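Inside the fold
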Amino acid sequence: MKKVFMPGAQTLIVKEDVWEEYQRKRKLAQDRPARNRAAVYPSSGLAVCGRCGGATTAGNSSTRGAGGVLISKPGYLFRCSARKDNGTCDGVYILRSIVEAAILERLGELEVEIETEAAKIAEEAAKQPKKRGEEPATTAGRLEQARKQHGARLAQIQQELDTQTSLVSRGIIPEDSYVRERNRLTAEQESVAAELAELDNNAGKQEADRGEYLPVIRGLITRWAITPVATRRALLRTLLRGVWAYPEGTGPKADASGAYAVAVAIWEEAPAPVGRRAAA
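Below or above, wherever it landed, is the structure these notes cover.

**Notes on the nonpolar core**
Ranked by size, the top nonpolar core spans 42 residues in total, and within it Ile103, Leu107, Ile114, Leu236, Leu239, Leu240 and Val243 carry the most contacts. Ignoring any residue separated from it by four or fewer positions in sequence, one finds Ile103 in contact with Ser43, Leu46, Trp224, Leu236, Leu240, Val243 and Ala263. Counting residues in hydrophobic clusters, the runner-up holds five residues, among them Val48, Tyr246, Tyr260 and Val264.

**So, the pattern of salt bridges**
Here the structure, examined in full by the defined rule, presents twelve salt bridges. Between Asp85 and Lys84 there is a salt bridge whose closest N-O contact spans 3.6 Å. Residue Asp85 is classed as exposed on the basis of its relative accessible area, which comes to 56%. In this structure, Asp90 and Arg277 form a salt bridge, with 3.0 Å as the shortest nitrogen-oxygen distance.

**Focus on helix α7 (residues 229-239)**
Judged by how many residues are buried, α7 sits mostly within the fold: eight of eleven residues are covered. Of the positions making up α7, those classed as buried are Thr231, Arg232, Arg233, Ala234, Leu235, Leu236, Thr238 and Leu239.

**A short note on the pairing of strand β5 (residues 240-246)**
Most of β5 is tucked away, with six of its seven residues classed as buried. Across six bridges, the pairing between β5 and strand β6 (residues 260-265) is antiparallel. Its bridge partner being in β6, Leu240 is matched across the sheet by Ala265.

**Quick word on the packing of aromatic side chains**
For any pair of aromatic rings, the description rests on two quantities: the centre-to-centre distance and the angle between the ring planes. Evaluated as defined, the whole model comprises one aromatic pair. Summarising the aromatic geometry, the rings of Tyr246 and Tyr260 are spaced 5.3 Å apart at their centres and angled 25° between planes, so their arrangement reads as stacked. Taken together, the residues span a long stretch of sequence, with Tyr246 in strand β5 and Tyr260 in strand β6 at a distance of 14 residues. Residue Tyr260 is classed as buried on the basis of its relative accessible area, which comes to 7%. Positioned above the aromatic ring of Tyr41, the side-chain terminus of Arg96 is 4.0 Å from the ring centre. Taking the ring centre of Trp224 as reference, the NZ or CZ of Arg232 above it sits at 5.1 Å.

**Comments concerning the environment of Glu115**
Along the chain, Glu115 turns up in helix α3 (residues 96-127). Owing to a relative accessible area of 33%, Glu115 belongs among the partly exposed residues under this scheme. Separated by 103 residues in sequence, Glu115 and Arg218 have C-alpha atoms that sit 8.8 Å apart. Glu115 has contacts with Leu214 and Arg218, leaving out every residue within four places of it along the chain.

**Topic: the pairing of strand β2 (residues 56-64)**
The sheet contact formed by β2 and strand β3 (residues 70-80) spans eight bridges and is antiparallel. Considered in β3, the bridge of Thr57 is made with Arg79. Connecting β2 to the next strand, β3, in antiparallel fashion are five residues, including Gly67 with a positive phi near 75°.

Parameters at a glance
Residues numbered from 1 in each chain as written. Predicted model: local features only at pLDDT ≥ 70, side-chain atom pairs only at ≥ 80, totals over all residues. Heavy atoms only, no water. Core = buried A, V, L, I, M, F, W, Y, C linked by side-chain atoms within 4.5 Å. Buried < 20%, exposed > 50% of the residue type's maximum accessible area, 1.4 Å probe, protein only. Contact = heavy atoms within 4.5 Å. Salt bridge = Lys/Arg side-chain N within 4 Å of Asp/Glu carboxyl O. Helix = DSSP H or I, 4+ residues; strand = E, 2+ residues; numbered from the N terminus. Pairing = 2+ DSSP bridges. Phe/Tyr/Trp six-rings, centres within 6.5 Å; stacked < 30°, edge-to-face > 60°. Lys NZ or Arg CZ within 6 Å of the ring centre and 35° of its normal.

Scope: geometric values only; no functional claims are made or implied.
Printed below as a string of structure tokens:
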């Protein structure tokens, strides 16, 4: 039975626009797998088994410290879900640190590529006559306009974060004021990034100009350590299709010594699986 909420005569406890925003964000959360709603690691949900192309899950490990004390290492590695669940793939085991190192390496490459792309777009835009007040006539055009607006807001948030960091480091504002503003901005950053990812899904990821991802990636590397995990993950999901993990002797870098990972941008094709079973 479908419930319909009608406005009543009593005084509103929650304003209508606030309620609608809550409902919208709740729906976004419901559309995501439950295990991904509160990710513990920025790479959660991104690692892909290079053998079968399937998902991986985070696995724990432990070691003995001084005096034989057992030290737990949660999320120490990623392992192929098909291997773990039913043994239908030879799978892959790879340290989470290797996956995240591959992500940071690819982010550095993408930052250079995207900066170049953005410069080209700006140069071409400067040559075009400016038209004001025109609304896009097509759904695709409106989606593209929304993507640009979200990208512009991400750029503003990044600038505001940099400003707040500068102010607190110079002693102009107190630490508690900085923390409150930083938390507010990073929460908005995560929300806008999630909405941008949703727009990418609707607009077609392959058609997007790489230069428009600049607001997402700019500053992400330098602020990596101080950006909340959920925000990092939301930003990464707008940039990366996934991180393919390969066992030693397989995949594009078969000569690598040990398991390795390859981060793939959202506009790049997904790598073909190398095969569920190792060659006999």
